[in-house]
Amino acid sequence: MDSVDGNGQPVLSNIDSVIDTGTTVVIGVPSDVATLYEAIGGTDASSTLGQGLYTFPCNSVPSVSFTFGGTSFPISKDTFNLGSVSPGSSDCVGGIVGEDIGASLWVVGDVFLANVYTVFDLGNTRVGFAALA
């Protein structure tokens, strides 16, 4: 992944990543994810919701985009926002989670993939994305 942008500003760059249709969220290196949420106004909710989870005000869903091959692909607010912390809460849970998976890479799952067409080219060992029509 070339970069991760938050609210229109570059936050992270040159991120090793794998694309995984079997992963619901996007899993990132914990320190990277902390940097992203700091840039977009998120709050670490590890002590209340679970390790690596972050929240943000439901009435102010941040914009996040990933850049692959020089093309930026936005994550829709509907897929980034996993829903409110609890019924009636004004805080919502973000779809990018910090987790140490034993490797310094991101696992890009459905929170991103729901926003693009994806082609897996096994013969040339590459993945391509296109914007949804």
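Summarised in this report is the structure supplied together with it. (Residues numbered from 1 in each chain as written. Predicted model: local features only at pLDDT ≥ 70, side-chain atom pairs only at ≥ 80, totals over all residues. Heavy atoms only, no water.)

### A few points about the sheet that holds strand β1 (residues 3-6)
The sheet built from four strands is open, its strands ordered β2-β1-β7-β8 with antiparallel pairing. The open sheet is flanked by β2 (9-13) and β8 (71-75), the only strands paired with a single partner. Strand-to-strand twist across the sheet, computed as the mean angle between neighbouring axes with direction ignored, equals 30°. Pairing of β1 with β2, which is carried by four bridges, proceeds in the antiparallel orientation. Bridge pairing in β2 links Gly6 to Gln9. Packing against the sheet, helix α1 (residues 30-40) makes contact with β1, β2 and β7 (64-68), and its axis sits at approximately 175° to β2. (Pairing = 2+ DSSP bridges. Helix = DSSP H or I, 4+ residues; strand = E, 2+ residues; numbered from the N terminus. Axes fitted to C-alpha atoms, helices over the stretch in contact; angles between N-to-C directions. Contact = heavy atoms within 4.5 Å.)

### So, the state of the cysteines
As enumerated under the stated definition, the model contains one disulfide in all. Across the disulfide from Cys58 sits Cys92; the S-S distance is 2.0 Å. When the S-S torsion is 105°, as for the bridge of Cys58 with Cys92, the disulfide is right-handed. Placement of Cys58 in the loop between β6 (54-57) and β7 and of Cys92 in strand β10 (residues 91-94) is noted, with a sequence separation of 34 residues between them. In this structure Cys58 comes out as partly exposed when scored by relative accessible area, which is 24%. (Disulfide = S-S within 2.5 Å. Buried < 20%, exposed > 50% of the residue type's maximum accessible area, 1.4 Å probe, protein only.)

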